[in-house]
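# Reading the structure
Chain by chain, the residues:
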Amino acid sequence: MDAPKSYYQRHIFFCLNQRDNGEDCCANHRAQAAFDRCKSQAKSLGLLGTGKVRVNKAGCLDRCAGGPIAVVYPEAIWYSYVDESDIDEIVQSHLRDGKVVERLLTPPDVGR
């Protein structure tokens, strides 16, 4: 039996966690702006919707040392990004074209 088709082709989650104890967190690195940019760019390219892409907010993804962090499923590709051009590249290369942006990959050993 074949696995059922996924509701979304790709799903990107942005950590927007805000720590109140003074520890560094993705929210301190403009994660909300990156989320907003990603959603806007994906929408303008017609990528959003059933069978396409979903852009979601997430709480702590526990990879704070690499932050700000986003992860794309089903491939489980973790990205560390810096600015709007990084987000645009993720949207165009990975979410639209299915090509991983190698230069933005979070090193596998980076955790909290």
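The structure this text deals with has already been given above.
Anyway, here's the lowdown on the structure attached to this text. (Residues numbered from 1 in each chain as written. Predicted model: local features only at pLDDT ≥ 70, side-chain atom pairs only at ≥ 80, totals over all residues. Heavy atoms only, no water.)

### What about the overall build of the protein chain?
A count of helical and extended segments in the protein chain gives two helices and four strands. Taken from the N to the C terminus, the helices and strands of the protein chain come in the order β-α-β-β-β-α. Taken against the 2.2 N^0.38 rule, which gives 13 Å for 112 residues, the C-alpha radius of gyration of the protein chain at 14 Å falls within 12% of a compact globule. Taken over the C-alpha atoms alone, the protein chain extends approximately 45 × 35 × 25 Å along its principal axes. (Helix = DSSP H or I, 4+ residues; strand = E, 2+ residues; numbered from the N terminus. Rg over C-alpha atoms; globule rule 2.2 N^0.38 Å.)

### Section: a positive patch on the surface
A grouping of Lys39, Lys43, Arg54 and Lys57 is seen on the molecular surface, where their side chains present a positively charged patch. Secondary-structure elements contributing two or more residues to the positive patch are helix 1 (31–44) and strand 2 (53–58). Within the secondary structure, Lys39 is located in helix 1. (Patch = residues over 30% accessible without salt bridge, like charges linked within 9 Å, V, L, I, M, F, W, Y side chains within 5 Å. Areas by Shrake-Rupley, 256 points an atom, 1.4 Å probe, with all protein chains shown as cover. Salt bridge = Lys/Arg side-chain N within 4 Å of Asp/Glu carboxyl O. Lys, Arg positive; Asp, Glu negative; His and termini not counted. Charge placed at Lys NZ, Arg CZ, Asp CG, Glu CD.)

### Points about the sheet that holds strand 4 (residues 77–80)
On the basis of which strands lie adjacent, the open sheet formed by four strands has the order 2-1-3-4 and mixed pairing. With one partner strand each, in any of the chains shown, strand 2 and strand 4 form the two edges of the open sheet. Strand-to-strand twist in this sheet, taken as the mean axis angle between neighbours without regard to direction, amounts to 20 degrees. Sheet topology places strand 1 (residues 10–15) next to strand 3 (residues 69–73); four bridges connect them, and they run antiparallel. Bridging from a neighbouring strand, Phe13 pairs with Val71 of strand 3. Contacts from helix 1 reach strand 1 and strand 2 within the one sheet, and its direction differs from that of strand 2 by about 165 degrees. Most of the contacts of helix 2 (residues 84–96) go to strand 1, to which it runs at about 160 degrees, and overall it touches strand 1, strand 2, strand 3 and strand 4. (Pairing = 2+ DSSP bridges. Axes fitted to C-alpha atoms, helices over the stretch in contact; angles between N-to-C directions. Contact = heavy atoms within 4.5 Å.)

### Examining empty space enclosed by the protein
According to the stated counting rule, one finds one cavity of 30 Å³ or more in the structure shown. When its volume is computed, the largest cavity comes out at roughly 30 Å³. Lining the largest cavity we find Cys15, Cys26, Cys60, Leu61, Asp62, Arg63, Cys64 and Ile69. (1 Å grid on protein atoms, 1.4 Å probe; cavity = no way out; pocket = protein on both sides within 12 Å on 5 of 7 lines; lining within 4 Å. Points joined across faces, edges and corners; volume = space filled by probe spheres on them.)

### Overview of the pairing of strand 1
In terms of burial, strand 1 is a largely internal element, five of the six residues being buried. Across six bridges, strand 1 lies against strand 2 in parallel orientation. Looking at the pairing, Ile12 lines up with Val55 of strand 2. Following the backbone out of strand 1, through helix 1 and into the adjacent parallel strand 2, one traces a crossover that is right-handed. (Buried < 20%, exposed > 50% of the residue type's maximum accessible area, 1.4 Å probe, protein only. Right-handed = clockwise from strand over helix to strand, strands pointing away.)

### Points about the packing of aromatic side chains
Summed over the entire model, instances satisfying the criterion amount to four aromatic pairs. Seen in terms of ring centroids, Phe14 and Phe35 are 6.1 Å apart; in terms of plane orientation they differ by 80 degrees. Their pairing is edge-to-face. Within this pair, whereas Phe14 is found in strand 1, its partner Phe35 is found in helix 1, the two being separated by 21 residues in sequence. Across the pair, exposure class does not vary: Phe14 and Phe35 are buried alike. (Phe/Tyr/Trp six-rings, centres within 6.5 Å; stacked < 30°, edge-to-face > 60°.)

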